[in-house]
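Given next are the chains, with one letter for each unit.
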Amino acid sequence: MIGNSVARRFHRVVLGVAALAVLVPIVAACSSGSPSGGGTAADAAAGSPKDGGNLTFLIQEFPAGWVSSVSNISSYEGNLWGEITDKLVYVSSTGQVSPWIATSWQTEDNAEKYILHLKPGVTFSDGEPLNASAVVDNITLWAKGDPSRGIAKVGLFPAIYFEQAKAVNSTTVEVDFSKPTLGFIPTLGYHGSILLAPKTLALSVNQQANLTNEIGSGPFVVKSFQTGVSYTLARRADYDWGPPALGHTGPAYLDSITYKVVADESTREQAVVAGDAQADFNVTPSDIPSLESQGFTVATPRYLGFVDGFEVDAGSGPTASLDVRQALQHAINRTQILSTVYPKGWDLAESFIQSNVPEAQNDAALFDYDPTLSAKLLTEAGWVLGANGYRTKGGQTLDFTLVPNPYVPSTEQEDELIAQQFAKVGVKALKIVPLSDYASFAAVSANYPLLSVSRSFIDFSTVGGVLTSLNGGQNWFQLGTADKTLDNLSQEIESASSTAQRATVADQVQQYVLSQGYFIPVVQQVQRIYLLAPNVHGVTYNGVAYANFYTAWLS
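Just so you know, these numbers come straight off a predicted model, no measurement behind them.

*Asks:* Sorry, what's going on with the confidence of the model for the protein here?
*Replies:* Reading predicted coordinates in detail is not appropriate for stretches of low pLDDT. Per-residue pLDDT for the protein averages 89, and the proportion of residues at 70 or more is 90%. In the model, residues 1-37 has pLDDT below 50 throughout and makes 141 contacts with residues more than four positions away in sequence or in other chains.

*Asks:* Teacher, can you tell me more about the sheet that holds strand β6 (residues 162-169) here?
*Replies:* Consider a sheet: its strands pair through backbone hydrogen bonds, and that pairing is either parallel or antiparallel. On the basis of which strands lie adjacent, the open sheet formed by four strands has the order β4-β5-β7-β6 and antiparallel pairing. Both outer strands of the open sheet, β4 (102-108) and β6, are each paired with one neighbouring strand and no more. The average angle at which neighbouring strand axes cross in this sheet is 20°, direction not considered. Where strand β5 (residues 113-118) meets strand β7 (residues 172-177), five bridges bridge the pair, whose relative direction is antiparallel. Directly across from Lys113, in β7, lies its bridge partner Asp176. Across the sheet, helix α5 (residues 132-144) touches β5, β6 and β7, and the angle it forms with β6 is around 175°.

*Asks:* Looking at this structure, how should I read empty space enclosed by the protein?
*Replies:* One way to see where empty space is left: roll a probe the size of a water molecule over the atoms. In this structure, the largest cavity spans a volume of roughly 200 Å³. In terms of lining, the largest cavity is formed by 21 residues, of which the most central are Gly82, Lys87, Asn542, Tyr546 and Asn548. Sorting the residues of the lining of the largest cavity by element identifies α4 (77-84), β2 (89-91) and β24 (547-548) as the ones contributing at least two each. Ranked by residue count, the leading element in the lining of the largest cavity is α4, at five residues. Looking at the lining of the largest cavity residue by residue, the classes come out as ten nonpolar, nine polar and two charged. Estimated volume of the second largest cavity: approximately 80 Å³. Around the second largest cavity, the lining comprises 13 residues; the ones closest to its centre are Ser68, Ser69, Leu141, Trp142 and Leu201. When contributions to the lining of the second largest cavity are tallied by element, the ones reaching two or more residues are α3 (68-71) and α5. With three residues, the single largest contributor to the lining of the second largest cavity is α5. Across the lining of the second largest cavity, the residue classes break down as eight nonpolar, five polar and no charged.

*Asks:* Can you walk me through helix α12 (residues 334-341) in this structure?
*Replies:* Those residues of α12 that fall on the buried side of the exposure criterion are Arg334, Ile337, Leu338 and Val341. Seen end-on, α12 carries its buried residues on one side only, within an arc spanning 100°. Opposite the buried face of α12, by more than 90 degrees, sit the exposed residues Thr335, Ser339 and Thr340. Where the residues of α12 are buried, they touch α11 (322-330), α14 (411-423) and β20 (519-523). At the N-terminal end of α12, a side-chain oxygen is found 3.3 Å from the backbone nitrogen of Thr335, two or three residues along, and the residue is Asn333.

*Asks:* Honestly, the sheet that holds strand β14 (residues 384-385) in this entry has me stumped. Any pointers?
*Replies:* With antiparallel pairing, three strands are arranged side by side in an open sheet as β14-β15-β16. Both edges of this open sheet fall to β14 and β16 (396-397), since each of them pairs with a single strand only. Bridge count between strand β15 (residues 391-393) and β16: two bridges; the pairing is antiparallel. Within the sheet, the bridge partner assigned to Lys393 lies in β16 and is Gln396.

*Asks:* Explain the pattern of salt bridges here, please?
*Replies:* Side chains that carry opposite charge are capable of pairing whenever their charged atoms lie near each other. The tally for this structure, following the rule as stated, stands at 14 salt bridges. When the shortest N-O distance is used, the salt bridge between Asp347 and Arg302 registers 2.3 Å. Placement of the pair is Asp347 in the loop between α12 and α13 (371-380) and Arg302 in the loop between β12 (297-299) and β13 (308-312), with a sequence separation of 45 residues. Asp459 is paired through a salt bridge with Arg502; the nearest N and O atoms lie 2.9 Å apart. Remark: Arg502 occurs in helix α18 (residues 499-515) and Asp459 occurs in the loop between β19 (450-453) and α16 (464-467); sequence separation between them is 43 residues.

*Asks:* What should I look at first to understand the packing of helix α17 (residues 484-495) against α18 in this one?
*Replies:* Geometrically, a packed helix pair is captured by the angle between its two axes and the distance between the axes. The interhelical angle for the contact between α17 and α18, taken along N-to-C directions, is 150°, at an axis separation of 9 Å. Classed by the angle they form, the pair α17 and α18 counts as roughly antiparallel. When you trace α17 past α18, the crossing you get is left-handed. Contacts from Thr485, Leu486, Leu489, Glu492 and Ile493 of α17 reach α18 at Arg502, Val505, Gln508, Val509, Tyr512 and Val513. Residues belonging to the contact of α17 with α18 are distributed by class as follows: seven nonpolar, two polar and two charged.

*Asks:* Teacher, can you tell me more about the packing of α11 against α13 here?
*Replies:* Interaxial distance between α11 and α13 falls to 8 Å at its minimum, and their mutual angle equals 160°. Here α11 is positioned roughly antiparallel relative to α13, judged by the angle of their axes. As for how α11 packs across α13, the hand of that crossing is left-handed. Only Pro371, Leu373, Ser374, Leu377, Leu378 and Glu380 of α13 make contact with α11, whose side of the interface consists of Asp323, Val324, Gln326, Ala327 and His330. Classifying every residue of the contact of α11 with α13 by side-chain character gives six nonpolar, three polar and two charged.

Rules behind the numbers
- Residues numbered from 1 in each chain as written.
- Predicted model: local features only at pLDDT ≥ 70, side-chain atom pairs only at ≥ 80, totals over all residues.
- Heavy atoms only, no water.
- pLDDT = per-residue confidence, 0-100.
- Contact = heavy atoms within 4.5 Å.
- Pairing = 2+ DSSP bridges.
- Helix = DSSP H or I, 4+ residues; strand = E, 2+ residues; numbered from the N terminus.
- Axes fitted to C-alpha atoms, helices over the stretch in contact; angles between N-to-C directions.
- 1 Å grid on protein atoms, 1.4 Å probe; cavity = no way out; pocket = protein on both sides within 12 Å on 5 of 7 lines; lining within 4 Å.
- Points joined across faces, edges and corners; volume = space filled by probe spheres on them.
- Nonpolar A, V, L, I, M, F, W, Y, C, P; charged D, E, K, R; others polar.
- Buried < 20%, exposed > 50% of the residue type's maximum accessible area, 1.4 Å probe, protein only.
- Arc of directions from axis to C-beta.
- Polar contact = N/O pair within 3.5 Å; in protein donor to acceptor, adjacent residues only side chain to side chain.
- Salt bridge = Lys/Arg side-chain N within 4 Å of Asp/Glu carboxyl O.
- Parallel < 35°, antiparallel > 145°, perpendicular 65-115°, else oblique.
- Left-handed = near helix turned anticlockwise from the far one by under 90°.

The following block contains the structure:
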């Protein structure tokens, strides 16, 4: 059996993009420019949007169960959830927060109270009103879950100081916290904060696992599905409350979207090239230049969140040593990885959070490629280079198992290069787990001091929730509460009463985490890649890099 801490770490990778909430600019009106992520030259050349048609979307997998508090935050299922549900606010690819179902809001009592004003006349697909009472049910479940029914709360929803949500009238909701909670409004646009009908929320876990029972208010509804094979969504004719930021009112243009599960990457890609499908999720990055030269669009939206890299177990084993952690940071040649594995659309990591996050700073000098320094640090830590080229200490070889992330394209090739780079300083990559063996490998007893991360977030205020075990935190670095500096920084992030105060702490926490070697950044994260046929137009991408087909149309 995997130990509890290791199991939790693997659970985070399987979820792929569990929620964190990040400071983003909040605007009260929609953008006057082109839709977020859309408005390309090809779209303009195609003319005005046209109604009709079915879009076939090929994807690696969908699960057998659709319990919203778990499956809506997966890289795969999140695509479908985004079409059948709405959110209270919209967060764009540039991090702007704007109205959606909540048309406006007020922040009161030093960010301890929020008043949400809802758009009247919105209904779920079964006709039930999406009113204040329904919103209260959703927010309460996001914040608390329901342990008696086995319903989990939404991961990293800012719930530490949550007290209550209550309906003031049919279109007004008050939400109260016991301490300042600056991340609340942005988190309402996180892909875990999807609005579902109260009757869906009241179902048992087993009943919720049936996609037929998932009633949302989005522009599409579930028409039919065959588990693990195909899922068809139909346009909702009376939909008229899309995000103003997208510049479209009324129903979706497409008649339907059909998701087909095709595990093989090359088969999916070839089907789009042949015209048998119009969209493919996650093509091979090295194929992008060729596909674009043939007239296909390949979108590589970068989400708000953490970069591609490794969270480090600093609590035990060789990586409990600061010298070893720093040595591993300096052993990775990121420029070589970028030029070898990835085409345009990827950039070098500058911190452990993405550079499009407003609080991001450039601390690349703390982990730059320096194999000479890496070797020096390892020697000082007592790891002696042997005749076989690997370092040992007390009879133990300095080796690590690298586990490519199945939710991030090309991490297997990335880890192969990292293994070669580690070897140059005497560190052995004991094994690189094939993606096909990922599930079975995760189920056996092992310890993973270097674990690949793929995690998006909407507001920086809850980044503190991953750093330690305080207040039920994710404890990424396996330190519990042993590092008091990290404990204090975590608390300061979560309790900041102004954006200026939080920005200062954000700078401090980035420098500290990187200087302590708790995180090993590699490249900027592009977790979701979308291949689109030349006749697909108007697709937009939100702050967590999901494609939105509400504004999409076919020429």
